[in-house]
Amino acid sequence: MITITTDFGSPYPAAMKGVILKRVDTRLVDVSHDLPRQDVRAAAFWLRELLTEFPPAVHLVVVDPGVGTDRKVLIVEAGDHRLVGPDNGVLVPAGESLSDSPTYYAGKPSDPESTTFHGRDVFAPIAADVEADGIEAAVEAAGLKPVADPVRLEFPAPNVEDEEALGEVLVVDDFGNAITNIPGEFLEDLDGDWLLVDGRWTRVGRTYATVPPGDPVVTIGSHGNVELSVNQGRGDDTFNLEAGETVYLVRTD
Amino acid sequence: MITITTDFGSPYPAAMKGVILKRVDTRLVDVSHDLPRQDVRAAAFWLRELLTEFPPAVHLVVVDPGVGTDRKVLIVEAGDHRLVGPDNGVLVPAGESLSDSPTYYAGKPSDPESTTFHGRDVFAPIAADVEADGIEAAVEAAGLKPVADPVRLEFPAPNVEDEEALGEVLVVDDFGNAITNIPGEFLEDLDGDWLLVDGRWTRVGRTYATVPPGDPVVTIGSHGNVELSVNQGRGDDTFNLEAGETVYLVRTD
Amino acid sequence: MITITTDFGSPYPAAMKGVILKRVDTRLVDVSHDLPRQDVRAAAFWLRELLTEFPPAVHLVVVDPGVGTDRKVLIVEAGDHRLVGPDNGVLVPAGESLSDSPTYYAGKPSDPESTTFHGRDVFAPIAADVEADGIEAAVEAAGLKPVADPVRLEFPAPNVEDEEALGEVLVVDDFGNAITNIPGEFLEDLDGDWLLVDGRWTRVGRTYATVPPGDPVVTIGSHGNVELSVNQGRGDDTFNLEAGETVYLVRTD
């Protein structure tokens, strides 16, 4: 099985699928092709959340603002999972979630046909090789070397004290939920109670339906983090928050 | 085979796919992940139209504005098809189209990991169980009971007389066709002729191309209902109609 | 394997998938369902670029502004590939890329159930027949005849001289890259240099990253044509160009 994740929209992912299926007869699963465009950190967040749900597979990932530059190709061996993508940090958080001790292989690929579509000409062929021939053979064929220091990106750390938390919106999902980096534990014992979100009293609930449709609510999202939502509406609009913006929570026990 | 239908957009459906594939090796088919957000009636309409095209399968459906509330889980046994989703009415019209005497099983699931993502934590595992172990075992594992009275939603009934029909737009499709609840028979013998749509004379045709590109046309849509369209354009814009709005047709034989 | 390409968006492609899977147990691959709506030329361009990446397959294509008119059904036999779709020119460039001597079969299908959804009622069943029974049997079942003259559409030819090229934007991709019909050779030896694009000096580069994020750049795209782009931005916005508009390049060696 090869899963495919990109920020390509349509129809470029089809070229990658064709390239893979020409080389190996395997199941393809689309994870997403609509990740926020060229946002490596958002992609790293989603991959960490999503790939851990999958059985062992080859995970092909192309969110690659540096296509055609000197950035390397990275293969991550994480337990029985193999991740293939650019060495720009996008694979590492998922790799570390899938295994306590992932192994990394990196290198510059030999000159591909195109300098603008490495998804088709570099990453898809390598993913197919990993699936067909195993990681050792694929690493050798691609001319990669074991490395200890893949490119890492930092998720911003929240500043959490007893009654205050200063965090950041990591991503906004398609429903408009603003997913922060503040751990859900900050909401402990607050279910049904109120909290200050950027100075605004907001209800805390285990579910969106804690509040009437259209009202804002603070929940622990499915990722375990504090999420700012609106029941059957959009949290990002109501709280006026985008990915990358800070958010300040105050409890008053 | 498991088909998957949601209003999730991207990338949450991937979490459900991973959960299923961890449990059972089966074919997955995406029906849609772009159904109108949290619109149970629109989803029920589309499922009734679409699932009847499929061979026997497990159909996993998550359009679920009441996630985390007391709404139950529903499994529908409809001929050789099995439908899994929330007990909010979304599954029933499709179940009744697939079988003259569908059987229903409902119940509250035991506490899932998350209170906001039952697609991943409740419905996908049950669908995988139905596919892997059969409906009886899955019903028992989920703690469901046979019920005679699943939650039903009413599609609005049109008011059709000899020369007049007062109906409602059920859904607007991606092409902008406004699909009404008025049966296509109302257009009998009118092919090529004219009809009043909300007071406006409009051509009736078997195909969009009955009229020049850009012109409005009334057709019998692929669902068998009266559809308000524009050849190579958008009917919803031209007729100024949205889902849920009424439409009034007058024939003048 | 059957690949599926449409301009349907969601959820109509699911009806086609159901129809196919009811008839034949085969792998389905979505190429795209988001091609520019009813733009036969854009679809023909994308199919020529994308289908050539695939291993031998049946390729089902429905971009069909003339649905319900007299336009015929076309099957193209191109090497080991088979293409099924409307006889409106959409299949021919891909067929000619896949084979030096494609064979064409065309005809009016017998009256389908619906006059507005031939994807479900005409093309999907024929594609399933080709996959299940082979092209000969499918051609006979559909009542098609060999033809030498399928409907052809012309891609506009660029006017390229030594130092000037007058071309046209064929399509704009999801990243906003304006893909022209000017062959990449026109940029020979210009890497890193400057070029006049509609009177504006623009950098030429092998990669988007030749210029800082936000700056315009002229590249040879993955299709081999001249592409007008912005590094991590949208070329169509910056160059103010849409599909079908002309573009004028001047080199000054």
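Along each chain, residue indices are assigned from 1 in the same order as the chain's sequence is written. Labels are handed out in written order, letters beginning with A for the chains and numbers beginning with 1 for the ligands. Local features in a predicted model are, by the rule used here, given only for residues with pLDDT of at least 70; side-chain atom pairs are given and counted only at 80 or more, and totals for whole chains, interfaces and linings are based on all residues. Only heavy atoms go into the side-chain values, all of them from the structure, while hydrogens and water stay out.

(A) Molecular detail of the confidence of the model for chain A. Known as pLDDT, the predictor's per-residue confidence is scaled from 0 to 100. Overall, the predicted model of chain A reaches an average pLDDT of 95, with 99% of residues at or above 70. The ipTM for the predicted assembly is 0.95, set against a pTM of 0.96.

(B) Molecular detail of the relation of the copies chain A and chain B. Superposition of chain A onto chain B requires a rotation of 120 degrees combined with a translation of 0.0 Å along the rotation axis, giving an RMSD of 0.0 Å. Here the symmetry operator amounts to a three-fold rotation axis. For chain A, the smallest separation between a C-alpha atom and the rotation axis is recorded for Arg-27 of chain A, amounting to 5.2 Å. A residue counts toward the fit only if its pLDDT is at least 70 in both copies, and the copies are then superposed by least squares on the C-alpha atoms of those residues.

(C) Spatial organisation of the interface of chain A and chain C. When checking whether two residues touch, look at their non-hydrogen atoms; a contact exists if any pair is within 4.5 Å. Between chain A and chain C, the contact holds 29 residues from the first and 28 residues from the second. Salt bridge criterion: a side-chain nitrogen from Lys or Arg within 4 Å of a carboxyl oxygen from Asp or Glu. Applying the counting rule to chain A against chain C returns two salt bridges. For Arg-120 of chain A, the salt bridge goes to Glu-53 of chain C, with nearest N and O atoms at 3.6 Å. Ranked by the residues each element gives to the side of chain A that touches chain C, the list is headed by helix H1 (residues 12-23) of chain A, at eight residues. Counting from the N terminus, the helices are DSSP H or I runs at least four residues long and the strands are E runs at least two residues long.

(D) Summary view of H1 of chain A. Think of it in three bands: residues with accessible area under 20% of the maximum for their type are buried, residues over 50% are exposed, and the middle band is partly exposed, with areas taken using a 1.4 Å probe on protein chains only. Among the twelve residues that make up H1 of chain A, ten are buried, leaving the element largely enclosed by the rest of the structure. Turning to H1 of chain A, its buried residues number three or more, namely Tyr-12, Pro-13, Ala-14, Ala-15, Met-16, Lys-17, Gly-18, Val-19, Ile-20 and Leu-21 of chain A.

(E) Local environment of a negative patch on the surface. Exposure above 30% relative accessible area and the lack of any salt bridge qualify a residue for a patch; like charges then connect within 9 Å, and the nonpolar side chains Val, Leu, Ile, Met, Phe, Trp and Tyr within 5 Å. Under the convention used here, a 1.4 Å probe and the Shrake-Rupley method define accessible areas, while residue burial counts only the protein chains that appear. In this tally, Lys and Arg are treated as positive and Asp and Glu as negative; His is ignored, and so are the chain termini. Every charge is mapped onto a representative atom, which is NZ of Lys, CZ of Arg, CG of Asp or CD of Glu. Taken together, the side chains of Asp-34 and Asp-174 of chain A, Asp-34 and Asp-174 of chain B together with Asp-34 and Asp-174 of chain C make up a negatively charged region of the molecular surface. With respect to the secondary-structure elements, Asp-34 of chain A resides in the loop between strand S2 (28-32) and helix H2 (40-50).

(F) Structural view of the packing of H1 of chain A against helix H4 (residues 118-133) of chain A. Residue and element names in this part refer to chain A. Direction vectors running N to C along H1 and H4 enclose 40 degrees, while the axes themselves pass 9 Å from each other. Crossing of H1 over H4 shows right-handed handedness. Across from Ala-15, Met-16, Val-19, Ile-20 and Arg-23 in H1, the residues of H4 making contact are Gly-119, Arg-120, Ala-124, Pro-125, Ala-128 and Asp-129. Split by residue class, the contact of H1 with H4 holds seven nonpolar, one polar and three charged. Axis lines are fitted to C-alpha atoms, over the contacting stretch for helices. Their N-to-C directions set the angle, which ranges from 0 to 180 degrees. Handedness of a crossing follows from how the near helix is turned relative to the far one, being left-handed for an anticlockwise turn of less than a right angle and right-handed for a clockwise one. The residue classification treats Ala, Val, Leu, Ile, Met, Phe, Trp, Tyr, Cys and Pro as nonpolar and Asp, Glu, Lys and Arg as charged. All others, Gly included, are polar.

(G) Broad picture of the interface of chain A and chain B. Between chain A and chain B, the contact holds 29 residues from the first and 29 residues from the second. When the two sides are added together, the surface that chain A and chain B hide from each other amounts to roughly 2,400 Å², 56% of it contributed by carbon and sulfur. The interface formed by chain A and chain B contains two salt bridges. Under the rule applied, a polar contact is a pair of N or O atoms within 3.5 Å (in protein, one hydrogen donor and one hydrogen acceptor; residues adjacent in sequence only if both atoms are side-chain atoms). Across the chain A-chain B interface, the total number found is eleven residue pairs in polar contact (both at pLDDT 80 or more). For the side of chain A that touches chain B, the secondary structure elements donating two or more residues are S2, H2 and strand S13 (216-220) of chain A. With four residues, the top contributor of residues to the side of chain A that touches chain B is S2 of chain A. In the side of chain A that touches chain B, the residues fall into 13 nonpolar, nine polar and seven charged. Buried area: the sum, over both parts, of the accessible surface (1.4 Å probe) that disappears when the two are put together.

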